Every structure is written in C-alpha cells, then in structure tokens.
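In case you want the letters, here they are:
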Amino acid sequence: MHSFRYTQGELFAENVSLQSLAEQHGTPLYVYSKATITGHFTRLDAALGQLDHLICYAVKANSNLAVLSTIAKLGGGFDIVSAGELYRVIKAGGDASKCTFAGVGKTRDEIVYALEQGVYCINAESEAELRYINQVAGEIGKKAPVAVRVNPNVDAKTHAKITTGKSENKFGIEFENILEVYGRVAAEMPNLQIKGLQMHIGSQLTSVDPFVEAVKKVVPLVQEVKDKYGIQFFSIGGGIGINYKQSLDSGDEGWWQENSEVHPLTVQAYAEAVVPHLAPLGLRILCEPGRFMVGNAGVLLTKVLYEKRGAAKTFKIVDAGMNDLIRPTLYEGWHMITPLKQPATDAVEKVDVVGPICETGDFLAQNREIPLVNEGDYLAVLSAGAYGFTMASNYNTRPMPAEILVDGDKATVVRERQTLEDVLKGEHIA
Ligand SMILES: *Cc1c(COP(=O)(O)O)cnc(C)c1O
C-alpha cells in the first residue's frame, strides 16, 4: 500500500504535487507519506491483534525524527541498534521502555546509556556480550533486562547481504547452545534479568515459508526457556518484504496477484502463518519491521542533468547518486523510476540512470526501460523510504539531501538540506 498516484498529469504524494516540491526545495529530495506509514502500522497491528504484541519499528530503516514521532504516536515501540538511535527515539517523543537494543557490538557507553534510559530489553548476540553487560550493570548498580538472540540456522532466501539467520552469519547464538547460555546467565550473571528470546533471520523476505520454518523451529525452545526462567516475551524479528515493483494505479497489495513476476508478502498472509504457532506460548510477541513500515512510504526525487549517448549505452545522468541511495549498487536493489510529469505516451527507452559520483557503481538503474525524459525533467525513484536516507553519506563531499513529510495536503521539511558548511563542520587544518 502507498499514497503515490498520478493526478492531473503529475505524480502526487497524498495531495501534494511532487513536481512542486522538487521545484521549491531542489533535488535530490526524499519525500515520505505519513498516511502510508500509518496505514502499514495499523494493518500490521490489526493482523497481530489476537496476540499480546508490541511492534518495535526498526529505526535503522528510516530514523528521521518525524517518522519516529509518527510511529511513537501510534503506540509503537522501537528496535534500536545504537545509542544514537535511542537518542533519536527519545528526542522524537518515543518511549525508552518500549525499545529493544540489538546489535553485535554494543560499547560500554551504549550499554550504560540504554540502562539509564530504561530500555525494555537488551538483546545480546554473544556470551561475551552477556558477561560484559552483567559487569557494566553491576558497576552502575542496575539489573539489566536481557534476551538472547538465537540464530536458528534457517535460510531466509533473500539477498546474501541481508541474510542474518544462517550459522555463517555473525548474528545471534547457535540454536543448539541457547539453553546452556541461559543456564550460565542464571547461574553466573547476577546483574542480568532474563526477559525474553529474540530472532531475526533476514530482510526483504518475499515468502512466508522461512518465517514459518524459523518460528516452528524456535517455539519449542521458547517454551522451554519460559518454563525454566519465566520470560516475558519472544521477538520474531523483522524482515517482511515489500513490493518494489508496485503499481502507481492501484497501490494496494492486491496488485501483485495480477503480476506473476512478484510475490510480496502481505501482512495477512504473514500473520495467518505465524500467529497460530505463537499464540499457545502465552507470551508477549515482539515484531520488528523496518522496511515494511517505511519502504513504500518514501520516494527520492532527482533531476535529469544530462543525456549521454555512448557506443554501447544511453546514460541519463541525474543529480542523485549512490551517496544518496546506495541500495542499487550495494544490494542489487531494484527501484522503479518514473517521471514526475505523467508520460504522454507509452514510449520507453532503455537507459542507465546514473549519478554524478566518480564510481562505476554509481547507478540507480541499469539497462532499464523508462519513459522518455529530457534534460531538466524530474524523476521519482520509488520505494526509497527504507535504507535510503539512513545509508546516505557525504561521499564526494556532497551534502545530504533534504527530507519532507507529506500529511494530506501539508508538506513539512523534516530535515533541511545540508549546506557545505554543515558538511565541513568540525574539520580542522592541522
Ligand atoms: C534490521 C533489523 C530489523 C528490521 O529488518 P527489516 O527487514 O527492515 O524489517 C529487525 N530486527 C533487527 C534485529 C534488525 O537488525
């Protein structure tokens, strides 16, 4: 589901013309739809309604304060992976007591900050980390709520760079060792309170099967840990995939059924498949969606600067680069690209859409048929709301783009475009 449509010949986000935003605020420009984010949260919340559950939005997907505030107001919790993300959540009005702290490499300062702010749980990914949290908690006179992340060794059938639940991945503790580890926590780490069990097998899963396989494998273990240590929650992680080949006409989840090429996971299918396995546990279930919540809620607007017709290819050189959106080159991510002015004909041209960065890997699309566009025209790169701005960098000393949140007919600049002064801030000549 999303709120991007052609209306009267122009692409709109809700009731706001993207062409007008591009002209007013310049490009590259990220634009998010609040209604889309709210819709996704509400539908997932309803689908899990049968369970005692908490949606902990994975902040790393899109950590803009306005996005976090939207989710906090809906009652959401947050999955954070750094002290910085916790700081953002608190600044956005989120509740630390609804935050779970994940990640393999938490530092002392981060652990102290999380405990002082009173996070719901710290999800540990190794025994060394558990021992360290125990030590730090003791030193500051706190009892740390912890869960262990289990690596269920299940193939999520997604891109290698976003597979996290296989034995060869750095994440979590082996399924076979979990009970022993909890035993040692209970016996030897007095400053820890065993609060739950967590897993997260990967991102952009487009089939429900790996989720079901993992849940079926881990639920008996959760039951055992519950019986022995009286835990409160089981977190099933995030990973719900989105439809990157969305339709601008219908925008609903049903569209994929007409298109044999793509099979995005619907929340209904997801919930129907996992809830029956989870309900008998009688535990609070945490779900940590990132991409699902914001992926289709954001677009990246860019301007065509030049056209270059080479011997082998035609290049459309645009003003957004891999520093603004790294997914195409890092994950072989496919983003639909469409002009802000609705094309008058169905004519298309096969091009590479490339950025200004001095890297061969700097492209937004390769060998892609897109409608005919000229220099000066604007394009929207769709489904760029997740792992877009949050992975942007200042590479090539390019300022970070501005971000806008649309709510009905209102558009708010929720992050100003960086100036060159901002980019050089804190730098000194020795
Ligand atoms: C990244 C991450 C998520 C979110 O993944 P999505 O695919 O964006 O839903 C959830 N949990 C943990 C622990 C993560 O690291």
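Residues numbered from 1 in each chain as written. Predicted model: local features only at pLDDT ≥ 70, side-chain atom pairs only at ≥ 80, totals over all residues. Heavy atoms only, no water.

1. A short note on the packing of aromatic side chains
Each aromatic ring pair is described using two quantities: the centre-to-centre distance and the angle formed by the ring planes. Put simply, the rule is: Two aromatic rings from Phe, Tyr or Trp, using only the six-membered ring of Trp, form a pair when their centres are within 6.5 Å; if the ring planes differ by under 30 degrees the pair is stacked, by over 60 it is edge-to-face, and anything between is tilted. In DSSP terms, a helix is any run of H or I states spanning at least four residues, a strand is any run of E spanning at least two, and both are numbered starting from the N terminus. Residue exposure (1.4 Å probe, protein chains only): buried if accessible area is under 20% of the type maximum, exposed if over 50%, otherwise partly exposed.
If you walk through the whole model with that rule in mind, you get six aromatic pairs. Each ring, one from Tyr57 and one from Phe78, has its centre 6.5 Å from the other, and the planes form 80 degrees; the classification is edge-to-face. With Tyr57 in strand β5 (residues 53-58) and Phe78 in strand β6 (residues 77-80), this residue pair connects regions lying 21 residues apart in the sequence. What makes Tyr57 buried here is its relative accessible area of 0%.

2. Quick look at the pairing of strand β19 (residues 378-381)
As a reminder of what qualifies: Two strands pair if DSSP finds at least two bridges between them.
Side chains of β19 alternate between two faces, with Tyr378 and Ala380 and Leu379 and Val381 buried alike. Note that strand β16 (residues 337-339) and β19 share three bridges and pair antiparallel. Counted as the bridge partner of Ile337 is Val381 from β19.

3. Observations concerning the pattern of salt bridges
In plain terms, the rule: In the sections that follow, a salt bridge refers to a side-chain nitrogen of Lys or Arg positioned within 4 Å of a carboxyl oxygen of Asp or Glu.
Following the criterion strictly, the structure yields 17 salt bridges and no others. Here Lys341 makes a salt bridge to Glu10, at a shortest N to O gap of 3.6 Å. You can see Lys341 sitting in the loop between β16 and β17 (348-354) and its partner Glu10 sitting in strand β2 (residues 10-13), a full 331 residues away along the chain. On the basis of relative accessible area, Lys341 is assigned to the partly exposed category, the value being 46%. Linking Lys228 and Glu224 is a salt bridge whose minimum nitrogen-to-oxygen distance equals 3.7 Å. Remark: Glu224 and Lys228 occur in helix α8 (residues 209-229); sequence separation between them is four residues, near one turn of the helix. By relative accessible area, which is 37% here, Glu224 ends up partly exposed.

4. A word on the pairing of strand β11 (residues 192-198)
This is how the line gets drawn: Here, the term right-handed applies to a crossover whose path from the first strand over the helix to the second runs clockwise when the strands point away from the viewer.
Counting buried positions along β11 yields six of seven residues, so the element is predominantly enclosed. Both strand β9 (residues 144-151) and β11 contribute to a ladder of six bridges, which runs parallel. Across the sheet, the residue bridging to Ala147 is Gly196, located in β11. Relative to strand β12 (residues 233-235), β11 is paired through three bridges, and the arrangement is parallel. Across the sheet, the residue bridging to Gln198 is Ser235, located in β12. Since β11 and β12 lie parallel, the crossover through α8 that links them has a hand, and here it is right-handed.

5. What to know about the UniProt feature "binding site: substrate" (unreviewed entry) in the chain
Going by this rule: UniProt positions are given in the numbering used here, feature names are shortened, and annotations may be inferred rather than shown by experiment. We call two residues in contact when some of their heavy atoms are within 4.5 Å.
Under the present numbering, the feature "binding site: substrate" (unreviewed entry) in UniProt falls on Arg291, Arg327, Tyr331, Glu359 and Tyr387. For the residues just named, distributed over 97 residues, the greatest C-alpha separation reaches 26.7 Å, placing them at more than one site. Positionally, Tyr331 belongs in helix α11 (residues 327-331). Tyr331 gets classed as buried once you look at its relative accessible area, which sits at 14%. Apart from the residues lying within four places of it in its own chain, the contact partners of Tyr331 are His159, Lys161, Ile162, Ile326 and Met391. You can call Glu359 partly exposed: its relative accessible area is 36%. Residues within four places of Glu359 in sequence aside, it is in contact with Met322 and Tyr395.

6. Topic: the nonpolar core
For the record, the criterion: What makes a nonpolar core is a set of buried Ala, Val, Leu, Ile, Met, Phe, Trp, Tyr and Cys residues whose side-chain atoms join them at distances within 4.5 Å. Note that the domain bounds reflect an automated or database-derived domain assignment.
Counting 103 residues, the largest nonpolar core has Tyr57, Phe234 and Leu278 as the members making the most contacts within it. With nine residues, α8 is the largest single contributor of residues to this core. No fewer than three residues from each of domain 1 (4-30 + 296-424) and domain 2 (48-288) sit in this core. Setting aside residues no more than four positions away along its own chain, Tyr57 makes contact with Asn62, Val67, Leu68, Ile71, Gly77, Phe78, Asp79, Pro289, Gly290, Met293 and Val294. Membership of the second largest hydrophobic core comes to 21 residues, among which are Leu11, Tyr378, Ala380 and Leu382.

7. Details of the site of the ligand
Selection rule: Proximity criterion: a residue is near a molecule or strand once any of its heavy atoms comes within 4 Å of it. Between N or O atoms, a polar contact is any pair within 3.5 Å; within protein, one atom must be a potential hydrogen donor and the other a potential acceptor, and residues adjacent in sequence are included only when both atoms are from side chains. Using the Shrake-Rupley algorithm and a 1.4 Å probe, accessible areas are obtained, with residue cover drawn only from the displayed protein chains. All residues other than Ala, Val, Leu, Ile, Met, Phe, Trp, Tyr, Cys, Pro, Asp, Glu, Lys and Arg, Gly among them, are scored as polar; the first ten of these are nonpolar and the last four charged.
Around the ligand, 16 residues are found, and the nearest of them are Lys60, Ser203, Glu288, Arg291 and Tyr387. One of the side-chain nitrogen or oxygen atoms of Tyr387 is found 2.5 Å away from an oxygen atom of the ligand. Relative to its free-state accessible area of 390 Å², the ligand is covered by the protein chains to the extent of 94%. Considering only residue class, the shell around the ligand consists of four nonpolar, seven polar and five charged.

8. Things to note about the sheet that holds strand β1 (residues 4-7)
Taken together, the three strands give an open sheet; going across it, the order is β1-β2-β3, and neighbouring strands pair in antiparallel fashion. Either end of the sheet is taken by a strand with one partner, and the two such strands are β1 and β3 (16-17). As defined by bridge partners, β1 adjoins β2 across four bridges and the pair is classed as antiparallel. When the sheet's bridge partners are listed, Arg5 is paired in β2 with Phe12.

9. Some details on the confidence of the model for the chain
Stated formally: What pLDDT reports is the predictor's confidence in each residue, on a scale of 0 through 100.
On average, residues of the chain score 94 in pLDDT, and 96% of them reach the 70 mark or higher. Low confidence marks residues 250-261, where pLDDT is under 50. Its contacts with residues over four positions away, or in another chain, come to 23 contacts.

10. Details of helix α7 (residues 178-188)
Defined as follows: In this context, the arc is that of the directions from the helix axis out to the C-beta atoms.
Among the residues of α7, those classed as buried are Ile178, Val181, Tyr182 and Val185. Along the axis of α7, the buried residues cluster in a sector spanning 100 degrees; they form a single face. In this fold, the buried residues of α7 make contact with α6 (127-139), β9, β10 (173-174), β11 and α8.

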